[in-house]
Structure formats: C-alpha cells, structure tokens
Amino acid sequence: MTKPLAHIRNFAIIAHIDHGKSTLADRLIQTCGGLEAREMTEQVLDNMDIEKERGITIKAQTVRLSYTAKDGIEYQLNLMDTPGHVDFSYEVSRSLASCEGSLLVVDASQGVEAQTLANVYQAIDNNHEIIPVINKIDLPAAEPERVRAQIEDVIGLDASDAVLASGKSGIGIGDLLEAIVTRLPPPRVSALLPATDDVNARDKAARAAPTNALLVDSWYDSYLGVVILVRVFDGYLKKGQKIRFMGTGATREIDRVGMFTPKKIMLNELGPGEMGFITAAIKDISETKVGDTITDDRNPVAQPLPGFKPSIPMVFCSLFPVDSSEFEKLRESIGKLKLNDASLHYEAESSQALGMGFRCGFLGLLHMEIIQERLEREFDLDLIPTAPSVVYEIDLTNGDHMTLYNPVDMPEVQRIKEIREPWIRATILTPDEYVGGLLQLCQERRGVQVELTYVGARAMLVYRLPLNEVVFDFYDRLKSLSKGYASFDYALDGYTAGDLVKLDVQVNQEPVDALSMIVHRSQAERRGRQLCERLKELIPRQMFKIAVQAAIGAKIIAREDISALRKDVTAKCYGGDATRKRKLLEKQKKGKAKM
C-alpha cells in the first residue's frame with residue numbers, strides 16, 4: 001500500500017544560478033537519512049562530471065525522502081533540484097509542472113536576481129504554493145532583512161515568514177522541513193476525476209481510477225534500455241503491468257519499478273501522487289517522448305494529460321564530425337542525448353566544405369556549449385561546430401513566406417521583400433555603479449530601452465535586443481563590465497524587420513558555406529574584419545599565398561592575406577653584390593606564380 005495523498009509533498013527548489021539550491025538539497029537528503037554521512041559528497045544530485053567541474057546544475061534531479069514531522073506523521077517528500085541558468089529553463093518548467101509547491105531560494109548576500117524573477121513567475125503560472133528561503137545566512141556579508149524586503153518589493157511575495165537557512169552549515173533545515181509539510185499542499189490528481197477539496201475523497205478516487213502517469217524525463221542506460229522518470233496522478237504502475245504510451249501508441253510490459261533516495265531502490269508499485277522510475281526493456285528511443293501520458297493498456301484513460309509546452313530553440317548551430325565516417329555514430333549519439341534533453345532539436349544537413357552533419361537548435365549559448373561537450377565526452381566524438389545563428393522570417397517578392405534556419409539557404413537579394421529577425425526582452429539586474437557601462441553595451445547592440453528602475457542600490461534594466469547581437473559575446477561582455485555582479489534573463493519578444501545582409505567568407509576565392517552568417521548592415525564590416533583576422537591566425541601557411549575575404553554579394557568588405565612559406569634561397573649568398581640576391585628572389589617569385 002502506497003502513502004495516502006495527505007502524507008505526500010511534491011516540490012521543486014528554484015533559484016538564480018549559484019544561490020545554493022544543490023547544497024540545500026544535500027542537507028535535506030542528509031537530514032532525512034537519504035544517504036549516510038560517509039556516502040555524502042558535495043552537490044550529490046549533480047551526477048555529471050561537467051556539472052561538478054562547472055559548479056552548475058544542468059539536469060533536474062528527483063529524490064524521495066521520508067520525514068517524520070513534529071505531529072508524529074511520516075511524510076513522503078519528493079524533491080526536484082532544478083538548474084538556475086536561463087538556458088536550462090525548460091528543465092525548470094517541466095519540474096514545476098510535475099509538482100505542487102516550490103522553495104524559492106535567495107542568497108542572503110546577493111539578493112533577488114534576474115533568474116530568481118523568471119523562475120518565480122513560472123512557479124506562479126503553475127499555481128504553486130511558494131515558500132521563500134533566505135539561504136547562506138552564515139556568510140559575513142549576509143543581509144537577510146534587506147533580502148526579505150527585496151523579495152516583497154521586487155517579486156511581491158509575502159516574506160514575513162521566510163525561512164532563514166544555510167545549506168552549508170545546516171542552520172534552519174528543521175524549520176524548512178516543517179514548513180514543507182505544513183505549508184505546501186498535498187498532490188493534485190488528474191482533471192478527469194471530480195474536483196474536491198477533501199484530500200481523502202481525492203485519494204480514494206485516484207486509487208480506483210485507471211493508470212494515468214506523466215513521463216517527466218528519460219535517459220538511456222546501456223544495460224536497462226530507456227529509464228523513464230514518471231509522476232503518477234491516478235491509479236498505479238506495477239511490475240509486470242502492460243502499459244501504453246498515448247503519444248506514440250507503443251505498448252510495453254514494466255520490468256522494474258523504483259525510486260531514487262538518491263540511491264536506486266526497487267519497489268513493487270508507484271501510487272497516486274508519487275514519483276519514481278520504471279523500465280520496460282525499451283531500446284527504441286523514439287517510443288518515449290517527454291510530456292507523454294502513460295496508461296494501462298487494457299484499461300486506458302479517456303484523454304491524455306496536458307503534458308509540457310514544447311521548447312522553442314533560440315540559437316542554431318551545425319555540428320559536423322571531424323571524421324566523416326563517424327556520421328552514423330553522431331546520429332545515434334544525438335538521438336540518445338535528445339532522450340535525456342527534450343529541449344534539443346536537430347535535423348540532418350550537408351555542407352560542401354564539411355560533409356554530412358546536423359543542424360541543431362538550442363535554448364542558448366551555454367546550452368549549445370554543454371551539448372557539444374557532452375557529445376564529445378559521453379560518446380567519444382570529435383566535432384566541428386559552426387558559428388551560432390538564429391531563425392529569421394523572410395517575405396519574398398512573389399508573396400511567399402519562408403523561415404530561414406541556415407544562412408546558406410538565404411535566397412537572392414532580388415527575391416527578398418523583407419527580413420525579420422527575433423528580438424528578446426532582456427532583464428538585467430546590476431549594482432548601480434555599473435549601469436553606465438551596461439547601458440552603453442545595450443546601445444552598441446542596437447538595443448531599445450524599455451525600463452530603468454532602482455530597488456535600493458540595485459538597478460533593473462529592461463531592454464529589447466536583437467537575439468543575433470546577444471548570441472556572440474554579449475553575456476561575456478556583460479559579466480566583465482559589471483565585474484560579475486550583473487545577472488541576465490531574457491524571453492522571446494517577437495520578430496522585427498531589419499536591414500540584414502548575408503556575410504560570406506571566401507578562402508582563395510572559394511566560398512566556405514559553413515562560415516556564412518547573417519548580420520545587420522551597420523555591423524557587417526566590423527564583423528567581417530574580425531572574422532578575417534581570426535581566420536588568418538587559424539589557417540596554417542602554405543607554399544602559396546592565401547587570400548581570406550569577407551563579402552556581401554559581390555562586394556568585398558574585408559580582406560587578410562596569409563603570406564606563402566618560402567625557402568631561404570639567399571642563404572648561400574654571403575656578401576657580394578645585392579643584385580645576386582635579387583636575381584635569386586625573382587627566380588623564386590616566378591616559380592611561385594606557376595603554383
């Protein structure tokens with residue numbers, strides 16, 4: 001018999017990057033006995049090497065804890081630790097859709113930052129009960145009362161009963177656990193069951209209903225096949241049960257049911273309101289799609305759960321294997337990674353210069369960097385990425401419309417009536433002494449100021465910016481200008497027409513399609529010059545002269561020459577008339593011309 005709904009709490013931990021979510025999760029696991037002291041490591045839920053190296057959470061992780069409250073009742077706590085970076089906001093949105101409550105963690109020294117706002121608004125959209133947690137109160141620079149006031153002024157949440165805690169030293173963890181069981185609601189059931197406020201009536205109806213579970217996440221295990229993380233709304237998932245995936249129509253028999261504590265523990269069944277994992281000897285990765293509904297094959301539900309909103313890729317880049325024979329390995333590897341990261345989009349493409357590869361869509365530059373690094377590490381691939389670009393909308397003179405994903409596919413100028421580029425609404429929170437430099441940076445990137453407000457000694461800038469100008473080095477410049485104190489969050493804000501041109505790169509008069517990009521006319525010369533200078537450093541010298549040119553159509557706007565390697569033909573001349581050396585150099589020059 002599984003726990004009654006009244007004794008289960010499902011919640012996510014949300015915060016800006018580096019505000020101590022994973023450390024707080026460690027203390028909750030340790031306090032509830034999920035792991036013994038000797039098994040604990042720092043950021044125990046960050047199980048990828050790349051997460052530990054960079055000190056960031058990339059994948060949302062789920063863990064089940066048991067906590068005996070002051071009222072003597074043992075509660076089941078299903079905790080989801082989420083990423084804090086804007087590029088992994090899709091992980092956060094999926095976690096929030098699977099829970100009923102959130103712990104909003106705010107650093108007692110840093111205060112409210114851009115991603116704090118973005119995450120809390122997502123939680124509000126999901127009708128979550130939110131518990132503010134002011135973390136790191138043991139730091140010398142901690143100002144919990146100032147942060148409490150900031151939460152109320154900037155976010156609009158009542159922070160009078162915010163929990164003061166420290167994930168590192170364990171201060172306030174007991175108060176936090178009590179707040180979770182007393183202030184967060186029990187799990188909801190599916191909309192197919194009659195709505196009632198009586199949790200016991202809900203529990204009884206959910207246990208009698210057909211199986212209705214949400215596929216929250218999945219990953220590929222070379223021994224078990226596809227491992228599926230599920231949140232059960234109604235009914236049960238049991239070992240040996242035949243289930244159906246409503247989105248794909250695939251049917252399978254469950255061979256394992258379990259949970260993470262964060263150790264893998266096998267169970268007989270998962271009941272209403274619970275989270276855990278199942279395996280069903282699935283080897284075909286196309287059978288499982290994140291957000292799908294899992295139901296009983298013999299007694300299916302009438303309609304699927306709402307699932308998740310599809311992710312919208314912001315940045316596109318092509319990935320090609322260094323060795324063209326590894327294309328099939330790359331196809332298989334991207335498929336397995338897509339299983340684990342539903343926000344990755346990809347399709348096959350070919351390049352004259354680089355051969356067969358994939359055009360991939362990402363949620364941001366960090367997401368792109370992480371995916372490339374995971375492919376190289378986890379699947380032992382050597383990859384060549386192209387320059388990042390965004391999606392454009394084009395109106396043609398014949399009345400047709402097209403969406404441009406790759407600069408190579410841009411039609412001739414004569415056929416184009418209008419090009420529209422994506423713009424974003426960016427929110428920047430910064431200490432007020434750095435405002436001047438950041439305003440100048442946004443103006444340089446063709447930004448349009450929407451709002452500038454002050455909350456104490458911090459300024460909040462809201463700008464509309466072209467996404468094309470942000471994908472290159474905007475974030476790095478932002479951090480360097482503010483000495484790392486500014487935080488940045490953005491959301492897509494529609495498409496706007498602009499004076500955009502295609503910048504081609506030619507090496508020895510031969511166009512290299514993989515280096516083509518679309519830029520604003522006012523930035524074309526600067527960008528072309530930078531690209532040519534960089535290529536001059538990277539391309540090795542040959543026995544002949546190489547011209548590296550940037551062009552818009554037939555007009556060359558930048559050029560760099562890579563001088564030829566040549567033998568020192570005057571080495572044998574020591575002294576004598578200068579005409580002897582000149583004669584030898586002229587002879588060499590004629591030979592080079594023949595090449």
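See the structure above.
Below or above, wherever it landed, is the structure these notes cover. (Residues numbered from 1 in each chain as written. Predicted model: local features only at pLDDT ≥ 70, side-chain atom pairs only at ≥ 80, totals over all residues. Heavy atoms only, no water.)

## Observations regarding the overall build of the protein
Okay, so step 1: The number of helices and strands found in the protein is 14 helices and 31 strands.
Okay, so step 2: Dimensions of the protein along its principal axes, counting C-alpha atoms only, are 105 × 60 × 60 Å.
Okay, so step 3: Residue burial in the protein is summarised as follows: out of 595 residues, 53% are buried.
Okay, so step 4: The contacts of the protein with a sequence gap of at least 6 include a subset with a gap of at least 24, amounting to 69%.
Okay, so step 5: If you sum the accessible surface of the protein, you get close to 27,000 Å²; carbon and sulfur atoms cover 50% of it.
Okay, so step 6: Taken together, the 74 basic and 84 acidic charged side chains of the protein have centroids lying 8 Å from each other. (Helix = DSSP H or I, 4+ residues; strand = E, 2+ residues; numbered from the N terminus. Buried < 20%, exposed > 50% of the residue type's maximum accessible area, 1.4 Å probe, protein only. Contact = heavy atoms within 4.5 Å. Areas by Shrake-Rupley, 256 points an atom, 1.4 Å probe, with all protein chains shown as cover. Lys, Arg positive; Asp, Glu negative; His and termini not counted. Charge placed at Lys NZ, Arg CZ, Asp CG, Glu CD.)

## Regarding a nonpolar patch on the surface
Okay, so step 1: Taken together, the side chains of I312, L492 and Y495 define a hydrophobic patch exposed on the protein surface, amounting to about 260 Å² of accessible area.
Okay, so step 2: By the secondary structure assignment, Y495 is in strand β26 (residues 487–497).
Okay, so step 3: Overall, the relative accessible area of 30% leaves Y495 in the partly exposed class. (Patch = residues over 30% accessible without salt bridge, like charges linked within 9 Å, V, L, I, M, F, W, Y side chains within 5 Å. Salt bridge = Lys/Arg side-chain N within 4 Å of Asp/Glu carboxyl O.)

## A look at the nonpolar core
Okay, so step 1: In this structure, L375, I424, I428, L465, F474, L478 and F488 are the most contacted members of the largest nonpolar core, which totals 48 residues.
Okay, so step 2: The leading source of residues in this core is strand β23 (residues 416–431), at 5 residues.
Okay, so step 3: Setting aside chain neighbours within four positions, we find L375 in contact with L319, L330, S333, I334, L337, D380, L381 and L383.
Okay, so step 4: A12, L214, L305 and M460 belong to the second largest nonpolar core, which has 41 residues in total. (Core = buried A, V, L, I, M, F, W, Y, C linked by side-chain atoms within 4.5 Å.)

## Brief notes about the pairing of strand β5 (residues 129–135)
Okay, so step 1: For β5, the buried fraction is high: 6 of the 7 residues fall into the buried class.
Okay, so step 2: Relative to β5, strand β4 (residues 101–107) runs parallel, the two sharing 7 bridges. From the neighbouring strand, D107 faces β5, where its bridge partner is N135.
Okay, so step 3: The handedness of the β5 to strand β6 (residues 163–164) crossover, carried by helix α5 (residues 144–155), is right-handed. (Pairing = 2+ DSSP bridges. Right-handed = clockwise from strand over helix to strand, strands pointing away.)

## Description of the pattern of salt bridges
Okay, so step 1: Enumeration according to the criterion identifies 31 salt bridges in this entry.
Okay, so step 2: For R374, the salt bridge goes to E378, with nearest N and O atoms at 2.9 Å. Taken together, the residues span about one helical turn, with R374 and E378 both in helix α9 (residues 365–378) at a distance of 4 residues.
Okay, so step 3: R374 gets classed as buried once you look at its relative accessible area, which sits at 5%.
Okay, so step 4: Through salt bridges that share partners, E393, D395, E418 and R420 make up one connected network.

## Overview of the sheet that holds strand β1 (residues 8–15)
Okay, so step 1: With mixed pairing, the 6 strands of this open sheet are ordered in space as β2-β3-β1-β4-β5-β6. The sheet terminates laterally at β2 (61–68) and β6, the two strands that pair on one side only.
Okay, so step 2: With 2 bridges joining them, β5 and β6 adopt parallel strand pairing. Among the inter-strand pairings, I134 is bridged to a residue of β6, identified as L164.
Okay, so step 3: Lying on the sheet, helix α4 (residues 114–125) is in contact with β1, β4 and β5; it crosses β1 at an angle near 150°.
Okay, so step 4: Its contacts with the sheet place α5 against β4, β5 and β6, and it is angled at close to 150° to β5. (Axes fitted to C-alpha atoms, helices over the stretch in contact; angles between N-to-C directions.)

## What to know about the state of the cysteines
Okay, so step 1: Counted according to the given criterion, the structure contains 0 disulfides.
Okay, so step 2: Of all cysteine sulfurs, the one in C32 lies closest to C99, which takes part in no disulfide; the gap is 16 Å.
Okay, so step 3: C99 gets classed as buried once you look at its relative accessible area, which sits at 1%. (Disulfide = S-S within 2.5 Å.)

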